[in-house]
Amino acid sequence: MADPWQKCMDYAVILARQAGEMVHDALKAGMNVLLKSFLADLVTATDQKVEKMFISSIKEKHPSHSFIGEESVAAREKSVLTDNPTWIVDPIDGTTKFVHNCFDWLCCK
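Residues numbered from 1 in each chain as written. Predicted model: local features only at pLDDT ≥ 70, side-chain atom pairs only at ≥ 80, totals over all residues. Heavy atoms only, no water.

Turning our eyes to something else, we now look at the UniProt feature "binding site: Mg(2+) 1" (unreviewed entry) in the chain. In this structure's numbering, the residues bearing the UniProt feature "binding site: Mg(2+) 1" (unreviewed entry) are E70 and I92. Across 23 residues in sequence, these annotated residues keep their C-alpha atoms within 9.5 Å of one another, forming a single compact spot. Relative to the elements of secondary structure, E70 occurs in helix 3 (residues 70-74). Within the secondary structure, I92 is located in the loop between strand 4 (86-89) and helix 4 (95-99). (UniProt positions renumbered as here; feature names shortened; annotations may be inferred. Helix = DSSP H or I, 4+ residues; strand = E, 2+ residues; numbered from the N terminus.)

This part covers the environment of I92. The buried category is assigned to I92, whose relative accessible area is 8%. The spatial distance from the C-alpha of I92 to the C-alpha of T44 is 9.2 Å, given a sequence separation of 48 residues. (Buried < 20%, exposed > 50% of the residue type's maximum accessible area, 1.4 Å probe, protein only.)

Once that is clear, we can look at the pairing of strand 3 (residues 66-69). Burial of the side chains of strand 3 extends over both faces: S66 and I68 are buried on one face and F67 and G69 on the other. Strand direction decides the pairing type here: strand 3 and strand 4, joined by four bridges, are parallel. Looking across to strand 4, one finds that F67 is bridged to W87. (Pairing = 2+ DSSP bridges.)

The next subject is the UniProt feature "binding site: Mg(2+) 2" (unreviewed entry) in the chain. Annotation from UniProt places "binding site: Mg(2+) 2" (unreviewed entry) at D90 and D93. You can see D90 is positioned in the loop between strand 4 and helix 4. Here D90 falls in the partly exposed class, since its relative accessible area comes to 36%. Looking at the secondary structure, you find D93 in the loop between strand 4 and helix 4.

Taken as a whole and assessed by the stated rule, the structure comprises one salt bridge. A salt bridge links K28 to D25; the nearest nitrogen and oxygen atoms lie 3.9 Å apart. Here the residue K28 and the residue D25 both occupy positions in helix 1 (residues 6-29), the gap between them amounting to three residues, near one helical turn. (Salt bridge = Lys/Arg side-chain N within 4 Å of Asp/Glu carboxyl O.)

Let us now look at the nonpolar core. Ranked by size, the top nonpolar core spans 16 residues in total, and within it L15, F54, I58, F67, W87 and V89 carry the most contacts. Mapped by element, the contributors of at least two residues to this core are helix 1, helix 2 (45-61) and strand 4. No other element matches the seven residues that helix 1 contributes to this core. Discounting residues that sit within four places of it in the chain, F54 has contacts with A12, L15, W87 and V89. (Core = buried A, V, L, I, M, F, W, Y, C linked by side-chain atoms within 4.5 Å. Contact = heavy atoms within 4.5 Å.)

Let us now look at helix 1. Its 24 residues give helix 1 an end-to-end C-alpha distance of 35 Å, which sits within 8% of 34 Å, the value for a rise of 1.5 Å per residue. Along helix 1, the positions that sit buried rather than exposed are C8, Y11, A12, L15, A19, M22, V23 and A26. Looking one or two residues past helix 1, G30 carries a phi angle of roughly 95°, positive in sign. (Expected span 1.5 Å × (residues − 1).)

What follows is the structure in structure tokens.
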């Protein structure tokens, strides 16, 4: 029997590749860095843009799905757990390293 979630997973991979292109472009162009709640808790315009792209794209294809987005929650948007399929979205895992353009584990410890 086919996996009923495979189409969602395949679409998520397409979106992740688009997000990767957005992140790559942001690295070349420079970025706008903001603080969320304390000095080491950073967010970039790219984090926010990627999260919005991902959520709006999934909603378009699957209007009944729900979302908990790291940047949305940090901006005090309410998250409600339901029985709907729920996506947990962390647009750039490792924003501090992203901000410092540091992707080699030896570079930033």
